[in-house]
Every structure is written in C-alpha cells, then in structure tokens.
Amino acid sequence: MANAAAPTPDESELIAFLNSVDQEVRAWGRDTKFEDRSGTWEKLRSGEFWRGTREDAEPIFNANLLGNYIERKVAQLTESKPDISVTGRAPDLQGPSEILLRGARAVLDENQFDARIERAADIGATYGFVGFNTAWDPYADYNHGEIVVRVIHPKHLGVDYRITDTTELHKATYVYLDTPMPLADIRRIWPGRGALVIPDHRLSQYDAPGRTATSFWGGITRSLTLTNKIDSPYPYSIVREYWLRSDELDPESGELRYPAGRVIHRAGDTILDDMPNPYWDGGWPIDVWDWRVDVNSFAGRSDVEALRKLQEAYGRMGNAMVKNALLHAVISIIADHNAMLPEEWKKLDDRAARIIRKKPGSTFTIEGPPDIPSAYFMLLDQMPTLMETIVGVPKASQGSRQAGVIASSAVEGLQVAAETLVRSCARRLEYVIQRMGQKLVSRIIQFYSSDRMLSYVGADSTWQQFVFERAKLIDDSVDEDTKRTYFTNFKFRVTPLSSLPMNKTQRALMAMELFKAGLVTGVEVLKQAEYPNYEAVHAAAQKEGAEKAQAQEQMLLKAATLGIKMPGGGGGGRVKSNRSGTKLGFG
C-alpha cells in the first residue's frame, strides 16, 4: 500500500484553503444542529424510537406512523412522470428542439430517473433537502461515456451557507460533493496521483469481536468484549469534488484563469486534479431540492422533525398503556414461601403466571389498575390525525370519503384541498427537474458529438429507439464560441403539477366534460388521459363507429323500402348525428 507523499508548497497552500471551506461547512452543521439531529431523524424514519427505563430495554408498543405517512407522501409525488418539453427561441429551431427533447427523455429513462426521484424524496423528507448531480461521466456505459444523474445524500453535500434560496445555487461561491470510491478505481481514473491516496479508515475497516476482558470500576466488576479493527479486502477512500469561484489571474495575460469556475478533486491530503470548469453552461452541476421551504436556509425543513414530538408522545403513551395491560393480564399466585418445598416451587412455570412468595402471616394483595379514562383513547386517536395534517396526507388524500359528501365535484374539491402541501412539494421538485433539464440540454449539445442510438419510454409505456443525428442538431462547422452558447437558444420546461397523478386525472375528467359539451374532440380526451397510442386508438374507434353507422343506415333504408316498422319509430325514422358528424344511431 502506497503512502501519501509530502505535498508541495503550492499544494499545501491549496489544501489549507480547501480545509477552510470544509471547516465553514462543518460550522454551519454545528450551528444549525444538523449533525446532531440527522442521526435522530434516521432512527425515527426507520422505526427506531426511544428506549425504556433501562438502556437495554426496548418498548413493547411500536407503531411507525411517521414512516408510513412519509411513504404515502413520497408515493403521491413519484407515482407519475412529469410532462417535459424543450422549446427554441426561434421558429426554425423546432427540429433541434424535438431532438433535444428525445435526448433528454432518453437520458432520464436510462438513468431510471423515476426510481432516483423516489429515493431522493425519501431522503428529502427525512433530512429536509437532497442534492442532484447532472454530469458527464467518461467511464459510464462501459467506458463509452454518458450523461449521468445521481442523487446526493445531504451528508455528502457541502453548500455555501449564504445561499438561502435553492433557485440561486448557481451564485454560490463553492459547492462540493463526496463520493466513496475503491482505491482501484481512484488509481485507474487518476493514474500517478491516485497511487498517493491511502485508504480511509472509516470505510476500509470494520469491527470484529476479539478477546474478553474484565473491568473493575466503581466497585463493580464488569466483563467487556474488546473489538479488533480489521482491514477490508477492498480499501476505499472518499473523493471530494469541489466547484469553486476563483478570482485568480493568469500571470501572463492578466485575465481570470478560471472564468467559469474551478474544479478540484481531492482524496485526503492528495490533490488528484485541478482544472477549469469543463461544462459549456458555466454553472455548477449540482441542484438542491428543499422539501419544505426554510426562508433562512437552502436546506429546507424535515417532515421527520415536524412529526418527531408527536411520534414520540404517541409511542410512549401507547407503550405505557400496553405495558400496564400486559402486567395485569397474567395470573397471580400468592402463597407463603414455606407453603411448598423448594423442589415443588420449581415445578411452577412463571412464564404464564406471576408467582409471589410472601412471609407467613403477612398480607399481600395485587389490585388491578383503574380503568383507563376514555380521554386517553381519544387523545391516541387524535394524534394520527394531527400527524396527517402536519405532513399533508389527510384522510381525503388517502381515499377516505368525508361523511355527507356525495357529489363528485365536492369529493374532487376535498381531494384538491387535501393535496395542498403535496402540491407545494411537487412544484419545488418540478423546478429542480427544470433546472436539471436545462443542464441536460447543454450536456447533450456538448458531449453527444456524433450520431448514436438512444432509447426512451414512449407514450405506450414501451421502449422506443431513435437515431440521434448530430448534423440535424447543430452545424459543427460554426466557430467554437457559437457552439458553446448554442444551448442558450433552448428552454427546458416542466408542465406545472404534471408530476401529480391526481392532477392528470382531473385534467382527463375535465376533458371528458368538455367533450360532452362539444368543445373538444375525442382524441383530446384520450391525450389528457395519457392513453397508450391514443391517436391510433382514436382513429380505429372513429373507423369502427363510421362502419357501424353505415350498416345501421343501410338497414334503415332497406326496412323503409320493404315497409318494415323498426323498433322505436318505424321505417320512416331519420339518422341522428353528433356534433362531430359521426353517425351514432337513429330515432
């Protein structure tokens, strides 16, 4: 295993500067108590609650309502894909816009973006925020290179704390992200410098039980099991990727050396590389989704923190009631201690009964507790309702119909009102996707430099392929500055609230009502309902309807000629049509 070489004077100065950035991020974590609270949030989210009176005692009653409500909210946010579009600033950019839209869809689908959003939502609900990295990875797709979208855990993300609005993250003076990597990959990606990296003991060692020792402390003898540190067969280290604003000047030209920012990769005290921002858009490849708005911080607010006290109170109260009920549910055997021989006492099974041996002639009684007041049960019943209200998943959003509400419009109104908090969270997610999509547009123009086959999930939920033709997107004979700024001619957009399935259902129902009123066509109803291959389905339905109408008309004419009286009006009936001209029947 190679040892780290002593840094050069310039490298030592750079490491000291990066250490000051790290210290500032850690100071923010201490001031906001993020470091202390995050551990509690993790335990609450996974269902690990408070312990009993003894350190090793586990509560008898355990109901993870908090986790259930968060999973419901996450499911509402991630059940449906948002509608995206790419538009050009000029009419002649319609063709390139369509190419970029298909390319963006292919990148998102290949990255399994829906699964990544689900994981990100759970992390955001737990910690209050979560990060995304939209980057070009030259080693992805079997070393062919590909655009990747990754979720960044809050503990692996550092952001300039002066930025309080996630939409202004591009103004941050620094951001960084941590990536745990095997040493073998570090040495492959950074040959030479990577050989200087040493394993990080936090990731490259684990505890193994060792010998047992005896400790005497405070007059009590204790048996302790010592642990041994064992090296992992696959050593790891953490690569920290810094994105920094820099006012450093080039000594020869006097201009900024890093006009679009500076990128540094570091592992421990080893600088792996130091280079200008490689992306044409000139921004940071990192975005943050704040779960609940915090006007004083980019980090948002956690649903787990909002529900923490209620969850703990619910667990403690339920545990006390259940523990008390179990205590008095067993049979009690009370007898003098000399009522039986010791051998006979041993025959009694104390697992199904409580055995109490008292002194002869003494009195010992066990009285059951008084009935639990009904107010306690009412309080237990109200706590989940409070939690539902706080997190934003009340009964109406869970499919429960409120008593006395029958009309479909009233039910729909209640569901819309119930999803207010979820809609707010969904809108912030769509803003994040929109910012990431703009980066995708730039990445596609910059890195898809040749023709290639791309795949994406179509409207009928099947994988579709298309040929990405570079020449139809941009003329590479233009100068370098034109190519670098070409992405500014396009805008990536997300249809507001299209990520919520309920919103799409409402649009489909509205389209159906408009169709009945003759204001929209049937194909528009199928489109709003996102019916697979809706244009072909509508054409087939129109053809079948026309054939049936023609057959009925011929039958009617034949009956009229023969003088046969048809049901519902006789042979003299007339053909009836709808507004669109399709013959539906006769009367």
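Only a predicted model underlies this, so the values are computations on that prediction, with no experimental measurement involved.

Moving on to the overall build of the protein chain. What the protein chain contains, in helices and strands, is 18 helices and 18 strands. Across the 587 residues of the protein chain, 39% fall into the buried class. Long-range contacts, defined here as pairs at least 24 residues apart, represent 64% of the contacts in the protein chain between residues at least 6 apart. As displayed, the protein chain offers around 33,800 Å² of accessible surface, 54% of which is attributable to carbon and sulfur atoms.

It is worth spelling out the sheet that holds strand S11 (residues 286–290) at this point. Consider a sheet: its strands pair through backbone hydrogen bonds, and that pairing is either parallel or antiparallel. Reading across the sheet, the 3 strands line up as S3-S2-S11 and stay open at both edges, with antiparallel pairing between neighbours. Each edge of the sheet is formed by a strand with only one pairing partner; in this case those strands are strand S3 (146–152) and S11. Pairwise comparison of adjacent strand axes, ignoring direction, gives a mean angle of 20° for this sheet. Bridging between strand S2 (residues 129–137) and S11 involves 5 bridges; their strand directions are antiparallel. What sits directly across from Phe-129, in S11, is Asp-290. Running over the sheet, helix H5 (residues 113–127) touches S2, S3 and S11 and is turned about 145° from S2.

Grouped together as the largest cluster of nonpolar side chains are 94 residues, with contacts concentrated most on Phe-132, Trp-289 and Ile-445. At 12 residues, helix H13 (residues 420–447) tops the list of elements feeding residues into this core. Core analysis: the second largest hydrophobic core is formed by 11 residues, Val-25, Tyr-242, Ile-264 and Ile-271 among them.

This paragraph deals with the packing of helix H4 (residues 94–110) against H13. Packing of H4 against H13 brings their axes to within 10 Å, and their N-to-C directions diverge by 105°. On the basis of the axis angle, H4 is roughly perpendicular to H13. Between H4, through Leu-100, Gly-103, Ala-104, Val-107 and Leu-108, and H13, the contact on the second element is made entirely by Leu-440, Val-441, Ile-444 and Ile-445. The class makeup of the residues in the contact of H4 with H13 is 8 nonpolar, 1 polar and no charged.

This part is about the sheet that holds strand S10 (residues 270–276). Strand order in the open sheet formed by 5 strands is S4-S5-S8-S9-S10, and the pairing between neighbours is antiparallel. Of all strands in the sheet, those bounded by a partner on one side alone are strand S4 (157–159) and S10. For this sheet, the mean inter-axis angle between neighbouring strands, taken without regard to orientation, is 15°. Note that strand S9 (residues 262–267) and S10 share 6 bridges and pair antiparallel. Paired with His-265 across the strands is Asp-273, a residue of S10.

Among the structural elements, Arg-443 can be located in helix H13. Once residues lying within four places of it in the same chain are set aside, the contact partners of Arg-443 are Thr-134, Ala-135, Ile-147, Tyr-279, Asp-281, Pro-285 and Tyr-448.

On average, residues of the protein chain carry a pLDDT of 83, and 83% of them reach 70 or more. Below pLDDT 50 for its whole length, residues 1–5 participates in 14 contacts with residues either more than four positions away or in separate chains. In the model, residues 569–587 has pLDDT below 50 throughout and makes 36 contacts with residues more than four positions away in sequence or in other chains.

Here the focus is the packing of aromatic side chains. A full pass over the atoms with the stated rule returns 16 aromatic pairs. Summarising the aromatic geometry, the rings of Phe-34 and Phe-129 are spaced 5.8 Å apart at their centres and angled 45° between planes, so their arrangement reads as tilted. Of this pair, Phe-34 sits in helix H2 (residues 34–45) while Phe-129 is found in strand S2, placing the two residues 95 residues apart along the sequence. Seen from their ring centres, Tyr-456 and Phe-466 are 6.0 Å apart, and the 70° between their planes marks the pair as edge-to-face. With a gap of 10 residues between them, Tyr-456 in strand S14 (residues 452–457) and Phe-466 in strand S15 (residues 463–468) connect regions that are remote in the sequence. With respect to class, Tyr-456 is no different from Phe-466; both count as buried.

Closest axis-to-axis distance for the helix H3 (residues 65–78)/helix H11 (residues 374–391) pair is 10 Å, and the angle between their directions is 35°. The hand of the H3/H11 crossing is right-handed. Residue-level inspection shows Leu-65, Leu-66, Tyr-69 and Lys-73 of H3 in contact with H11, the latter providing Pro-384, Met-387, Glu-388 and Val-391. Split by residue class, the contact of H3 with H11 holds 6 nonpolar, no polar and 2 charged.

This structure, assessed with the given rule, holds 34 salt bridges. Two residues, Glu-98 and Arg-102, come together in a salt bridge whose shortest N-O distance is 3.4 Å. On the criterion of helical spacing, the pair formed by Glu-98 and Arg-102 is a turn pair, its members being 4 residues apart in helix H4. Look at Glu-98 and you get partly exposed, because its relative accessible area is 37%. We classify Arg-102 as partly exposed; its relative accessible area is 30%. Ionic pairing is found between Asp-269 and Arg-266, a salt bridge with its closest N-O pair at 3.5 Å. Overlapping salt bridges, with partners in common, bring together Asp-22, Asp-178, Arg-240, Arg-266 and Asp-269 in one network.

Cut-offs applied
Residues numbered from 1 in each chain as written. Predicted model: local features only at pLDDT ≥ 70, side-chain atom pairs only at ≥ 80, totals over all residues. Heavy atoms only, no water. Helix = DSSP H or I, 4+ residues; strand = E, 2+ residues; numbered from the N terminus. Buried < 20%, exposed > 50% of the residue type's maximum accessible area, 1.4 Å probe, protein only. Contact = heavy atoms within 4.5 Å. Areas by Shrake-Rupley, 256 points an atom, 1.4 Å probe, with all protein chains shown as cover. Pairing = 2+ DSSP bridges. Axes fitted to C-alpha atoms, helices over the stretch in contact; angles between N-to-C directions. Core = buried A, V, L, I, M, F, W, Y, C linked by side-chain atoms within 4.5 Å. Parallel < 35°, antiparallel > 145°, perpendicular 65-115°, else oblique. Nonpolar A, V, L, I, M, F, W, Y, C, P; charged D, E, K, R; others polar. pLDDT = per-residue confidence, 0-100. Phe/Tyr/Trp six-rings, centres within 6.5 Å; stacked < 30°, edge-to-face > 60°. Left-handed = near helix turned anticlockwise from the far one by under 90°. Salt bridge = Lys/Arg side-chain N within 4 Å of Asp/Glu carboxyl O.

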